[in-house]
Amino acid sequence: MDGDRVEIDGGIMEGGGQILRVSTALSCLLGLPLRVRRIRAGRSQPGLRPQHLSGLEIVRDLCDGKLNGGEIGSTEITFTPGKIKGGTHVADTKTAGSVCLLMQVAMPCVLFAASPSELLLKGGTNAEMAPQIDYTVMVFKPIVEKFNFTFNCDIKKRGYYPQGGGEVVVRMSPVKELSPINLTERGMVTKIYGRAFVAGALPIKLAKDMSSAAVRCIRKEIRDLYINIQPVREPDDQAVGTGSGIIIVAETSTGCLLAGSSLGKRGKNSDKVGIEAAEMLLKSLKHGGTVDDSLQDQLIIFMALAKGVSRVKSGPITLHTQTAIHFAEQLTKAKFTVTKSEEEDPSNDTYIIECQGMGMINPNI
């Protein structure tokens, strides 16, 4: 601690942008001044990239905070939060940096704002190394709303690598407190659906090929379920640039949602894109958890803030999740335990993530 500034080492564990997102969101919520050193020390290009800087700037603006060291490439920042207010805020990565990662850092903050918020997020909607916006809408949204809040996510324009240009508007109202969640019963898979998309210069045939290849791959393991993966061509006035990809969601009898996704790129066979997404989904279904790898770490901050005990059953704990838990515990009074799940087939690598949340209360409501 420097005076009462919390010191964060941005180079440990996952060593990437997630440390920055979790710690600045919690700093904003708890009114804790923060210093983050060795930002993204674990990455080939250390320091702040445009999307991380945009994330820091939107949190600063949400709470009238002070940010020092906010430049591209900077490996150290200090952040002093103010009071979280609602209203309209814009974050623009000016690149194909992920709008979903901007949402990840801003959303916990605006839940505890003084009034409703509208976030206009600009950048990549379907970017590598981040959840696709379709994942956010189809999987993240229905599950995270179990913490007892709702949000609206309006995809105005899709933007792809390398130029970005996507626009998403997120609207949400503040809450008094978050309820804990209990996601420990997986149930049976009842349906599998998704979308395979192309945009820009690419023909719809590629979307159909991705979809067919994915269905064939899933059929080898799951024979008796109807699989509906819609091939879609994004309207030209709602997409910037050229891109393609696929997301496939499995829904279970208990309301769990697990997904696999993949993005197309130049020189990559469209069958391969479909098969990658299908294999990712099948792998998530194999371990018997109620969440997939992409959702696992995104729930941690909400579990930490909720009032009461949350329990989530997952497959092997990812490094992203371990990192999120580490920093949530460092900054809040939440306590996490991760235990191997015993009740199933011992060959299943399943775990229960349990959290006694800190019970954050919104002082404005």
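Owing to the predicted nature of the structure, the values given are computational and were not obtained by experimental measurement.

So, the domain arrangement of the protein chain
Stage number 1. Per the domain assignment, the segments making up the protein chain are domain 1 (6–183 + 291–358) and domain 2 (189–287).
Stage number 2. The straight-line distance from the C-alpha centre of domain 1 to that of domain 2 is 25 Å.
Stage number 3. Opposite the 31 residues of domain 1 that make contact, domain 2 presents 28 residues.
Stage number 4. Counting each side, the surface lost to burial between domain 1 and domain 2 is near 2,100 Å², with a carbon and sulfur contribution of 58%.

Regarding the layout of surface pockets
Stage number 1. Roughly 1,400 Å³ of volume is contained in the largest pocket.
Stage number 2. Where the lining of the largest pocket is concerned, the elements lending two or more residues are α1 (17–30), α2 (50–62), α3 (99–111), β14 (257–263), α6 (270–286) and α7 (293–298).
Stage number 3. Take the lining of the largest pocket: its biggest share by element is five residues, from α6.
Stage number 4. When grouped by side-chain class, the residues that make up the lining of the largest pocket number 14 nonpolar, 19 polar and 12 charged.

A word on the nonpolar core
Stage number 1. With 83 residues, the main nonpolar core has F147, F149, F151, L178, L299, F302 and F336 as its most contacted residues.
Stage number 2. Per-element tally for this core: the top contributor is α3, with 10 residues.
Stage number 3. When residues of this core are assigned to domains, at least three map to each of domain 1 (6–183 + 291–358) and domain 2 (189–287).
Stage number 4. Among residues more than four places away in sequence, those in contact with F149 are M107, L111, V144, M172, V175, L178 and F302.
Stage number 5. Judged by nonpolar contacts, the second largest core, of 23 residues, contains A196, M210, A278 and L281.

Section: the UniProt feature "domain: RNA 3'-terminal phosphate cyclase insert" (unreviewed entry) in the protein chain
Stage number 1. Look at the UniProt record and you will see "domain: RNA 3'-terminal phosphate cyclase insert" (unreviewed entry) annotated at residues 184–285.
Stage number 2. Along residues 184–285 one finds 31% helix and 36% strand; the C-alpha atoms at either end are 14 Å apart.

Regarding the UniProt feature "domain: RNA 3'-terminal phosphate cyclase" (unreviewed entry) in the protein chain
Stage number 1. Those residues carrying the UniProt feature "domain: RNA 3'-terminal phosphate cyclase" (unreviewed entry) are residues 13–338 in this numbering.
Stage number 2. Counting secondary structure, residues 13–338 comes out at 34% helix and 27% strand; the distance between its end C-alpha atoms is 17 Å.

Section: empty space enclosed by the protein
Stage number 1. Evaluated as defined, the whole model comprises three cavities of 30 Å³ or more.
Stage number 2. Its volume calculated, the largest cavity comes out at about 130 Å³.
Stage number 3. In terms of lining, the largest cavity is formed by Q18, R21, V22, A25, Q104, V105, F140, D297, Q298, I301, F302 and A324.
Stage number 4. Elements with a contribution of two residues or more to the lining of the largest cavity: α1, α3, α7 and α8 (300–305).
Stage number 5. Broken down by element, the lining of the largest cavity gets its largest block of residues, four residues, from α1.
Stage number 6. In the lining of the largest cavity, the residues fall into seven nonpolar, three polar and two charged.
Stage number 7. In this structure, the second largest cavity encloses a volume near 70 Å³.
Stage number 8. Forming the walls of the second largest cavity are G17, L20, R21, T24, Q51, H52, G55, L56, L101, L102 and V105.
Stage number 9. Where the lining of the second largest cavity is concerned, the elements lending two or more residues are α1, α2 and α3.
Stage number 10. By residue class, the composition of the lining of the second largest cavity is five nonpolar, five polar and one charged.

What counts and what doesn't
Residues numbered from 1 in each chain as written. Predicted model: local features only at pLDDT ≥ 70, side-chain atom pairs only at ≥ 80, totals over all residues. Heavy atoms only, no water. Domains from an automatic or database assignment. Contact = heavy atoms within 4.5 Å. Buried area = accessible area lost by both parts, 1.4 Å probe. 1 Å grid on protein atoms, 1.4 Å probe; cavity = no way out; pocket = protein on both sides within 12 Å on 5 of 7 lines; lining within 4 Å. Points joined across faces, edges and corners; volume = space filled by probe spheres on them. Helix = DSSP H or I, 4+ residues; strand = E, 2+ residues; numbered from the N terminus. Nonpolar A, V, L, I, M, F, W, Y, C, P; charged D, E, K, R; others polar. Core = buried A, V, L, I, M, F, W, Y, C linked by side-chain atoms within 4.5 Å. Buried < 20%, exposed > 50% of the residue type's maximum accessible area, 1.4 Å probe, protein only. UniProt positions renumbered as here; feature names shortened; annotations may be inferred.

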